[in-house]
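Chain by chain, the residues:
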Amino acid sequence: MTENAVHLTPEQVENPVRGYAGLRTRDELPHVVLPGLTTPVRLVTRYADVKAALTEPRLIRDRGRAPGGAEAADAQDELLAAASAGLPAEYVTYFAGHLALFDGEEHARRRAPLTRAFTARRIAALRAFVERTADGLAAEAARNGGTDLLGAFAYPLATQVICELIGVDAGDRDQVCSWMRDFAFGDGSRAGEALVALVEYAKELIARRRAEPTEDLISTLLQGARDDEDPLTEDELIGIVFLLINTGITPPALFLAHAALALLDHPEQAARLHADPGLLPRAVPELLRYVSIVRIGATLYATEDFDFAGTALRGGEAVTVALLAADHDPEEFGDGAEALDVGREFGRGDGHLAFGHGAHYCIGAALGRLVTGVVLDRLFVRRDGLRLAVDREALKFGHWPGDGFHLLRLPVRL
């Protein structure tokens with residue numbers, strides 16, 4: 001199968017125009033090999049098909065429950081192996097047991113307390129903290145005449161927000177944020193040491209909150225089991241901490257940098273937003289759609305033989321969804337699907353799939369929208385002087401296995 005598969009390059013994965021146009025028009029779901037991997041999967045690229053895949057009960061996340069189980073080669077295993085390379089094996093389980101890899105009742109059991117903890121009240125209460133942190137970082141950048149909008153603005157902002165949400169004590173915050181930085185977006189040389197330190201700190205924090213609860217997320221989770229539910233174990237709570245670190249720091253930071261770059265690449269749209277702040281509620285979902293920083297979703301496995309999206313899937317066959325491709329599908333967004341339009345009107349719901357869909361819809365979506373709105377307001381509504389500090393062609397990009405190009409730095413002047 002591999003020799004007949006389309007071997008995608010990182011450039012194709014991150015390019016919704018040239019990368020996916022031919023794949024969308026195929027009658028059957030194509031076999032592809034994602035960048036940096038060797039195992040082919042079926043790739044879903046059309047908006048309607050992606051939504052259907054994410055709610056199809058015969059496509060599951062837990063490969064052990066699909067025909068063939070863990071015997072066949074698997075792209076998800078390749079990704080996990082790459083992510084955990086060089087890390088202490090006994091600690092890998094804390095971030096390998098990701099919510100995205102569970103289904104049905106087990107997924108619901110693990111997710112329910114976290115969903116209840118992410119209340120609208122809790123997210124709204126974070127706004128003042130996000131605004132203060134963003135203002136401080138922007139003021140520092142202005143004093144310096146510029147900054148790396150990714151490394152010195154977006155990453156510190158995302159990290160501080162996660163520390164605040166989890167409930168890291170003020171006296172511990174600098175050290176914990178440093179460990180998070182080393183684990184989530186360092187050069188990899190201290191990732192193992194940071195992983196061990198974060199696990200041990202999480203254990204201490206959980207013990208502290210059991211003894212003296214506060215208003216933070218950990219305390220809420222410890223108190224959050226209903227009478228008919230088994231409480232989360234300590235290992236599951238530590239897994240949630242790493243879920244928040246893995247999904248709450250690097251993807252949002254990269255998104256904020258890529259969203260800023262999108263506006264810098266489209267100065268007429270940045271000017272529209274600056275001139276009309278009332279467009280901000282539309283600009284946030286539009287940039288989420290346009291960038292779709294998680295370009296490829298988790299691997300799904302067919303539980304049986306069945307027809308899906310014009311394709312005869314076999315039991316155990318692997319399928320994955322191209323969220324960026326779906327969010328640029330002309331069948332859903334019309335002739336202007338490839339354009340950035342900060343005034344775009346969306347229908348019900350999100351109007352995009354950047355946060356996924358169905359049972360695995362991103363828990364932190366509301367927080368992501370809040371942070372995005374604050375950052376766009378501070379950088380593009382209240383200011384109109386943000387500019388690249390280097391030529392566009394000089395920007396450096398890297399890529400991870402399976403998921404296209406990402407900025408390494410975004411030098412700007414304010």
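Throughout, a residue's number is its position along its own chain's written sequence, starting from 1. Thresholds applied to this predicted model are a pLDDT of at least 70 for local features of residues and 80 or more for the giving and counting of side-chain atom pairs; totals over whole chains, interfaces and linings are not thresholded and use all residues. Side-chain descriptors were evaluated using all non-hydrogen atoms of the structure, hydrogens and water having been removed beforehand.

**Some words on the environment of F306**
Using the following cut-off: Secondary structure elements are defined from DSSP: runs of H or I of at least 4 residues count as helices, runs of E of at least 2 residues count as strands, and each element is numbered from the N terminus. The classification of residues rests on relative accessible area computed with a 1.4 Å probe and restricted to protein chains. Under 20% of the type maximum is buried, over 50% is exposed, and intermediate values are partly exposed. Whether two residues touch is decided by their heavy atoms; if any such pair falls within 4.5 Å, the residues are in contact.
Position of F306 relative to the elements: it lies in strand β7 (residues 306–308). The exposure class assigned to F306 is buried, which follows from its relative accessible area of 6%. Once the C-alpha coordinates of F306 and R26 are considered, the two residues, 280 residues apart in sequence, prove to be 18 Å apart. Apart from residues no more than four positions distant in its own chain, F306 is found in contact with E56, R58, L59, T311, A312 and L313.

**Structural notes on the sheet that holds strand β1 (residues 6–7)**
Rule in force here: Two strands are said to pair when DSSP picks up at least two bridges between them.
What the 6 strands build is an open sheet, ordered β1-β2-β3-β9-β6-β4; its pairing is mixed. Of all the strands in the sheet, the pair left with one neighbour each is β1 and β4 (59–60). Bridge count between strand β3 (residues 41–44) and strand β9 (residues 318–321): 3 bridges; the pairing is parallel. Counterpart to L43 in the pairing with β9 is T320.

**Points about empty space enclosed by the protein**
Regions of empty space are outlined by a rolling probe, equal in size to a water molecule, passed over the atoms. Which entries qualify depends on this criterion: Within this scheme a cavity is a closed region of a 1 Å grid, computed over the protein atoms alone, that accommodates a 1.4 Å probe without allowing it to escape, whereas a pocket is open but has protein on both sides within 12 Å along at least five of seven lines; lining residues each have an atom within 4 Å of a point. Grid points are joined across faces, edges and corners, and a volume is the space filled by probe spheres set on the points. Here the term charged refers only to Asp, Glu, Lys and Arg, the term nonpolar to Ala, Val, Leu, Ile, Met, Phe, Trp, Tyr, Cys and Pro, and the term polar to all other amino acids, Gly among them.
Under the counting rule described, the total for this entry stands at 1 cavity of 30 Å³ or more. In this model, the largest cavity occupies a volume close to 70 Å³. Around the largest cavity sit I166, V168, V176, M180, L198, Y201, A202, L205, I206, I218, V241 and I245, which together line it. Those elements giving two or more residues to the lining of the largest cavity turn out to be α10 (173–185), α11 (191–211) and α13 (234–248). Looking at the lining of the largest cavity element by element, the count peaks at 5 residues for α11. Along the lines of polarity and charge, the residues of the lining of the largest cavity split into 12 nonpolar, no polar and no charged.

**Looking at helix α14 (residues 250–265)**
Applicable threshold: Here the expected span of a helix is defined as 1.5 Å times the quantity of residues minus one.
Between its first and last C-alpha atoms α14 spans 22 Å; for 16 residues at 1.5 Å apiece the expected length is 22 Å, and the two agree. Burial runs high along α14: 13 of the 16 residues are buried.

**A look at the pattern of salt bridges**
Using the following cut-off: A pairing counts as a salt bridge when a side-chain nitrogen of Lys or Arg comes within 4 Å of a carboxyl oxygen of Asp or Glu.
In total, this model carries 30 salt bridges according to the counting rule given. With a shortest N-O distance of 2.4 Å, D77 and R63 are connected by a salt bridge. In this pair, D77 sits in helix α4 (residues 75–84) while R63 sits in the loop between β4 and α4, placing the two residues 14 residues apart along the sequence. Taking relative accessible area as the criterion, D77 reaches 40% and is therefore assigned partly exposed. Across the pair D172 and R208 runs a salt bridge whose closest N-O atoms are separated by 3.3 Å. In this pair, D172 sits in the loop between α9 (149–166) and α10 while R208 sits in helix α11, placing the two residues 36 residues apart along the sequence. Overall, R208 belongs to the partly exposed group, its relative accessible area being 29%. Several salt bridges converge on common partners, so that one network encompasses D169, D172, R208, R209 and D216.

**Observations regarding the pairing of β3**
Examined bridge by bridge, strand β2 (residues 31–33) and β3 share 2 bridges and lie antiparallel to one another. What sits directly across from V32, in β3, is V41.

**Here we look at the sheet that holds strand β13 (residues 411–413)**
Worth spelling out the cut-off: Note on geometry: axes are C-alpha line fits, over the in-contact stretch for helices, and angles between N-to-C directions span 0 to 180 degrees.
Overall, antiparallel pairing links the 3 strands, which are arranged β5-β13-β10 in an open sheet. Two strands in the sheet have a free side with no partner beyond their single neighbour: β5 (146–148) and β10 (387–388). Two elements, β5 and β13, share 3 bridges in a ladder whose sense is antiparallel. Looking at β13, one finds that G146 is bridged to R413. Against the sheet, α9 engages β5 and β13, with an angle of about 75° to β5.

**Quick notes on the packing of aromatic side chains**
Operational definition: Ring pairs shown here join Phe, Tyr and Trp side chains whose ring centres sit within 6.5 Å, with only the six-membered ring taken for Trp; geometry is labelled stacked below 30 degrees between planes, edge-to-face above 60, and tilted in between. Counting as a charge over the ring demands two things of the Lys NZ or Arg CZ atom: a distance within 6 Å of the ring centre and an angle within 35 degrees of the ring normal.
Inspection of the entire model under this criterion finds 6 aromatic pairs. An angle of 65° between the planes, with centres 6.5 Å apart, marks the rings of F306 and F308 as edge-to-face. The positively charged end of R110 is found above the aromatic ring belonging to F102, 4.1 Å away from the centroid. Looking at R289, its charged tip hangs above the ring of F333, at a distance of 5.0 Å from the centre.

**Digging into the layout of surface pockets**
One number sums up the size of the second largest pocket: a volume of about 450 Å³. Contributing to the lining of the second largest pocket are 18 residues, with E14, H258, D265, Y290 and R392 lying nearest its centre. If you list the elements that add at least two residues to the lining of the second largest pocket, you get α14 and α16 (280–291). At 4 residues, the largest contribution of residues to the lining of the second largest pocket is made by α14. In terms of residue class, the lining of the second largest pocket is made up of 9 nonpolar, 4 polar and 5 charged.

**Topic: unusual backbone geometry**
Non-glycine residue S292 carries a positive phi angle of around 40°. Looking at the element boundaries, S292 is found in the loop between α16 and β6 (300–302). By relative accessible area, S292 is classed as buried at 0%. One non-glycine residue, A309, adopts positive backbone phi at about 50°. Tracing the sequence through the fold places A309 in the loop between β7 and β8 (311–313).

**Observations regarding helix α19 (residues 365–381)**
In a regular helix each residue adds 1.5 Å, so 17 residues correspond to 24 Å; α19 covers 22 Å between its end C-alpha atoms and thus fits that length. Of all 17 residues in α19, 14 are buried, a share of seventy percent or more.

**Quick word on the packing of helix α8 (residues 127–144) against α19**
Definition in use: Note: crossing handedness is left-handed where the near helix turns anticlockwise from the far helix by less than a right angle, and right-handed where it turns clockwise.
Their axes nearest at 10 Å, the elements α8 and α19 cross at an angle of 35°. Crossing of α8 over α19 shows right-handed handedness. Mapping the contact onto sequence places R127, V130, E131, A134 and D135 in α8 and L370, V371, V374 and R378 in α19. When its residues are assigned to classes, the contact of α8 with α19 shows 5 nonpolar, no polar and 4 charged.

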